[in-house]
Every structure is written in structure tokens, then in C-alpha cells.
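Okay, here's what each chain looks like letter by letter:
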Amino acid sequence: MEGHQDLLPSSWLLTFLLLLLMSLTGSVTVVPWKPCTDLHPVDLLSRVLPRNGEAQAGVRMVQEGEFSIVATVKMPHTRVKRNEYLLAVVKEDVNQLLLGLRFSKEKVHLIYQGSTGKERLSFKRVRMADNHWHSMVLAVSGHHATLTLDCGIPLELVHKQPFPSDLSTGGSRFHIGSRRKWKGLFSGLLRQLVLLPGSDATSRVCPSSRPSLVELSVPTFLSNLPAISHMNDVLVPPYETEVRVTLGSKPACTAAEQGQLWFDTLKRGLFLCDGTYWHSMLQDKDRLDYVDDHQDLYTSSETLDIELFQIPSVGLFAAMAHRATKPGSGIYRWSHGHFQLYQNISTFKAQAWKQFTIGKKMFLAVSNSMGPADGEPELSVVYRWSNKRLKFVPYQTLETHSARDWEAFQINNEAFLAVANHRTENGNHNIESVVYKWNPGTKTFEVNQTILTSGAYDWEFFTVGPYHFLAVANAFDGTSTQTDSSIYIWLGGAFQVFQTIRTFGATDWEMFQIGNRVFLAVANGHMLCEKGPSLYTINSTIYELDMTTKMFLKFQDIVTYSAVDWEFFTVGDEHFLVVANSYDGSSYSLNSVIYRWQGYEGFVPVHRLPTIGCSDWEFFTSAEGSYLMYSSAKAPLSKVFKLRIH
């Protein structure tokens, strides 16, 4: 059962929907066409060329009415195959080609998804595979399409089925020089590729003194390369005649190698040297093959939580919340491919750690669930990293009540810290959890807001567009684990109820995004009512944010065994969820399961990993590879698994 409290006027909700949709688009969005004169070219080629050391992951488009594609290419005599795609727009989840521009030796094909299926416009006797530069303008409007080559006489086609007036490619991606497959790769040179919405680009570039090298928008990365003179005094980059592809291990990239290519035979990746760095131009995506045992990490006691974080110039660390008070909890450092104990910190039945930064200062907060001695107040502690001493030192203490979790976040450049108070010393689970706010003047956390919770176990902060949310996992209301967990939205300087969801001993929320879709997964621990036995084999549920109703709606149920944690991670283009199964009613020795995203099918199980009282999963990467790490609440042993990727 899901509930929603509509606190907002309909006009605000419409604005909320629009802003959410805007915020979840890719890098470039072309809004629907309107009769105006200020539309600008979209330089597609510059979107995939290296920028700030990385290539753009993808773009999305919504296109209406008339548009043009301008391309400048050079194709060899003999290497052009039957199907070579200059660009393609592919709907990723179903691998459906929505729009494609394809070359052959004497043909140019425009392929698109029409109202009745796949349609194709073919321009014949277009001779471009002659090892010379050519500029083409393809303009489409309604039933008509024209192709102008080197500012010559246009070729015109009239098609019975008009080009769709509304081609929406939400959830799709541009592929430059391919159709998302190794088959059909473009084998020539590409200098310019521009999408111009709303008009025919021919009049913008023609006539020209250099008709085979007209320029509407050439990426700076290419236009800045040194040029040499060929016949007819046409300027072309030097890699046309001096290209050299290096195979094998990674070579040096200096001024001498500028413009040269390196093919990584191991990872099947093609890289271009800019004189300093190798930039990925085409690379096979990583795929998870199997999971291998990597390290048995023996700890001083059982561990309830792991927090992984990086300290610049120092390394990767894992803060582990140990149950035992002596010697307390351990901070472990990743060294030579393994975790080693780095620092012990005195804690009192620690439940969780949270690392965060404010300005240049790094902090680490621990949730203590008991006081130092009987009758003494429970104090959770915020530690600060000392660059001088190279360890964490106490910074601030905050009174908590059987604290289960900390969540740190920032809103409008202001820092906050929320604690999940589970119950009071006399056993009352219906108590207030606290949201603290950082005071820049006193440089301490102060109470900003209290929120009534029922056996709170976890906070999850996330942002969708300009809106900020905080979800609480309520585990127990004093009589039953069947209670409502709440999602709050930040409005007017405080969190207000956005939606309530019925949960069953909820222990964790995990928010994640796949494309432009927003999900929330809840880990349900067990079902306990006033009457009847406890049930540990129950459904945990994945919810998806629905843009129409502005609510999280049930997307998928997954059977779990007293689940206490979800962890979302990505390998290459694949998305995964791993669940921490802790108890089935009779045994703590259970398989925790890795699920892979399968689009319409949702998440499906792909790997089962034996665990003992699993309490937490964390995913991380290092120079040595990608890993999963789990902690045990029933044994002084945590394990690190290495993901074998191909």
C-alpha cells in the first residue's frame, strides 16, 4: 500500500513534473520546434570527442519538423562496406534503431522509424568513396528530402510516408560512427557532423570557396590540429597521410605521437593521442563475468556496517562499525590490493559510519547505540581528519538514542547531518530523529529539525532535478514491524511529508537511476505482528518515480531473507543490485544475491554468494580492479570479492 499527502497546489506539481523531466535528460536536449529564428546548430561530433579528459557518455534528442544534417567525411576507395553508419539514434533498452545515416559506395541511406515501421530514403549514384573530402547537407521536411554534395545540384526525393513530425528519443542515445555494434562501423575520416533543427542548412554553407570542406561547426579539437597543404591548397590534418596505429601495451603520448592511434588489444579500445593524454575514441564496454574470493578480513568483532571513502593523497579507506566496545571499531586502509588495519577508534556498539566533507575539512561520524557505562547518556561522535597527525580525532559529540544511521548531505551549499534514532533507553520506538545543520560561525552542528520516526533504521538523501528528498526506513512502532516509512521533500527550509509507503521492518533505502528513470529500493527485514509468528522470508520492493502521479509506485518485488541492505553498482553499461540476506528464521548462513538489470524484465538473479549474517555490501574500484565487500553481524569476518570482468 502506498499513500500520498498532496500538500502542494496543482500549479506547483506541474512545475515539479516539468523540472524533473528537464533534469533527467542527457547532455543535449533539442526542444520541440517552434516558428522562431534563433535555433542553433548542435555539433554532434564535439559531443563525443575528448573534453576535460573524458568522452561524452551520450545525448538525447526530441525533434520535430524540418531539420538538417551536415557532415564532412573522407572515405577510402576500397574500405567502404555495404553498411557503414555515420550516426544512429538507438533506443537502448530494446536495441531499436530510431534514426540512422548509412553509407555505401554510391548510396546514402536515411533510415527512420515511421508510423508503420522502419522506413528508408536512399539517394543513389552519390560517389563519395574516392579518398577525397566531401561535405554533404541532408535536409528533411515532411515528404521531401534533399541531399546536396559539395554545394552542387541538390538531389531530391519525395516519399509517400512523411518523415515523422514528432520523433521522440527519450531513453535513447546517439552513436557516432556506429550503430551500437562492432558491425557497421564507419571506416573513413570524419571532420564535421552537425544537427541543425528547424531549417535547411544548405543556404548557410553554400556557395563556398571550398565546397568540399564547408564549415558550419567544426570541433575545436579537430580545427586546432596542425594542417598541411595537399593538392588544390586544401588544408587537411596530418594524420591522413601519417597515421600509425600502435598495438599492445600503453605507449607514451608526447608531442611526437600527437594524432597517432593506439589499439588496446586486451580491452579492444581505440585511443587518440593529443600530445599529452590518450583519449578513448572507441572502447568495448566491460561486462561482469563472475565473482572471485579475494580477501578474508578478520576483525576484532562482528561488523554491522562498512563505509568506504577516499582521502586525497592518502588512499582508500574502509570504516567498519564493530559490535564490541573494546578495542572499538577499526579504520582499514587499502594497500597493495588488500585492506590492512590503520586506526582503532573507541566506539560503543557502533551501528554505522558516515564520511563527509565541509569545505576542505573531512569528517567521519559514528552511530553509537549505547552509552560508555550504564546510566550514562548515549553519545555519537563526529571525528575530523587531521592532516598533521594523519588520523581521525574527536571533533563533536551529539546525544542520540540507539542511533542506527547517519546521513550527510548539502542543500544550497549548506551542510546537514541526519541521525536515525531507533529507540529510547526505556524501549520507546516512537521518538524523534534529528536533522542537524552546520553553523559556519561556531563550526559545529546544531539542531535544525526533528522528525517523528518509529524504530528508524536508515536515512537516504537524494535529489531529483531541483528537489531534495529524505527517506526514512521505519522498522518498528512498538507493536508491529508493519508500519509506514516516509519520504520527505525539502520545502521552505524544512522537510515535509511527500509520500508514505507501507514497509515491513524496513532496514534500508537505496536510491539509484538508470537512464532517466529514478528508483527506490527498500530492504524489508521481517514481518512481526502482535499475534502470529515472525516471517523473515518476505518481499523487498523496488519503487519507481512516476512522473504523471508524482509518486513512487511499485515496480518489482524480490523475495529476500531478513534483508538489511541493498547496494547498486554499475559495470560498463550493465547495472546491478546486490542484497544482504541475513536470516531465514533458522540459519544465518545464506546466499546473498546479485541481480542484473534486464530492462522490461526488471532485475534478475545472476550470482549467489554464500554469506554469514550479512549486514552490509559495498562496491568499490581501485587500480587493481572492481570489488564487492560484505560485513558479517554474526562472525568477526568480512570478505572482499573481486569482480572478474571481460
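Preceding this paragraph is the structure being described.
Conventions we followed
- Residues numbered from 1 in each chain as written.
- Predicted model: local features only at pLDDT ≥ 70, side-chain atom pairs only at ≥ 80, totals over all residues.
- Heavy atoms only, no water.
- Disulfide = S-S within 2.5 Å.
- Helix = DSSP H or I, 4+ residues; strand = E, 2+ residues; numbered from the N terminus.
- Buried < 20%, exposed > 50% of the residue type's maximum accessible area, 1.4 Å probe, protein only.
- Pairing = 2+ DSSP bridges.
- Axes fitted to C-alpha atoms, helices over the stretch in contact; angles between N-to-C directions.
- Core = buried A, V, L, I, M, F, W, Y, C linked by side-chain atoms within 4.5 Å.
- Contact = heavy atoms within 4.5 Å.
- Phe/Tyr/Trp six-rings, centres within 6.5 Å; stacked < 30°, edge-to-face > 60°.
- Lys NZ or Arg CZ within 6 Å of the ring centre and 35° of its normal.
- Salt bridge = Lys/Arg side-chain N within 4 Å of Asp/Glu carboxyl O.

1. Some points on the state of the cysteines
Inference 1: Applying the stated rule across the entire model yields two disulfides.
Inference 2: Between the sulfur atoms of C151 and its disulfide partner C206 the distance amounts to 1.9 Å. Disulfide C151 to C206: torsion about the S-S bond roughly -85°, handedness left-handed. Of this pair, C151 sits in the loop between β10 (144-149) and β11 (155-158) while C206 is found in the loop between α3 (202-205) and α4 (220-223), placing the two residues 55 residues apart along the sequence.
Inference 3: Owing to a relative accessible area of 25%, C151 belongs among the partly exposed residues under this scheme.
Inference 4: Shown here is the disulfide that connects C253 with C273, its sulfur atoms set 2.1 Å apart. Between C253 and C273, the S-S torsion sits near 95°, and that sign places the bridge as right-handed. You can see C253 sitting in the loop between β17 (245-247) and β18 (261-264) and its partner C273 sitting in strand β19 (residues 269-273), a full 20 residues away along the chain.

2. What about the sheet that holds strand β43 (residues 574-581)?
Inference 1: One open sheet holds the four strands; their spatial order is β42-β43-β44-β45, and the pairing between them is antiparallel. Both edges of this open sheet fall to β42 (563-571) and β45 (603-612), since each of them pairs with a single strand only. Adjacent strand axes in the sheet meet at a mean angle of 20°, parallel and antiparallel pairs treated alike.

3. Considering the sheet that holds strand β2 (residues 42-43)
Inference 1: If you walk across this open sheet you meet the six strands as β2-β14-β4-β9-β10-β11, and the pairing is antiparallel. Strand pairing shows two members of the sheet lacking a second neighbour, β2 and β11, which therefore form its edges.
Inference 2: As paired strands, β2 and strand β14 (residues 189-197) are joined by two bridges and run antiparallel to one another. Along β14, the bridge assignment pairs D43 with V194.

4. Considerations on the nonpolar core
Inference 1: L86, F103, V108 and M136 are the most contacted members of the largest nonpolar core, which has 32 residues in total.
Inference 2: The set of elements that each furnish at least two residues to this core consists of β4 (67-74), β5 (84-91), β6 (96-103), β7 (107-114), β8 (117-124), β9 (133-141), β10 and β14.
Inference 3: With sequence-adjacent residues up to four places away left out, L86 is seen in contact with A71, V73, L101, F103, H175, I176, G177, F186, L190 and L193.
Inference 4: Listed in part, the 21 residues of the second largest apolar core include A506, W509, V518 and L520.

5. Some words on the packing of aromatic side chains
Inference 1: Inspection of the entire model under this criterion finds 47 aromatic pairs.
Inference 2: For the pair F469 and F498, a centre-to-centre distance of 5.2 Å together with 70° between the ring planes defines the contact as edge-to-face. In this pair, F469 sits in strand β35 (residues 467-474) while F498 sits in strand β37 (residues 494-504), placing the two residues 29 residues apart along the sequence. Neither residue differs from the other here; F469 and F498 are each classed as buried.
Inference 3: Put simply, the rings of F512, F519, F555, F568, W597 and F603 touch in pairs and so form one group of aromatic residues.
Inference 4: Above the ring of Y457, the side-chain terminus of R404 is found at 5.4 Å from the ring centroid.

6. Some points on the pattern of salt bridges
Inference 1: Counted by the stated rule, this structure contains 12 salt bridges.
Inference 2: In this structure, R517 and E544 form a salt bridge, with 2.8 Å as the shortest nitrogen-oxygen distance. Placement of R517 in strand β39 (residues 517-524) and of E544 in strand β40 (residues 537-546) is noted, with a sequence separation of 27 residues between them.
Inference 3: A residue is classified by how much of its surface remains accessible, and R517, at 28% relative accessible area, is partly exposed.
Inference 4: Connected through shared salt-bridge partners, D293, D296 and K639 make up one network.

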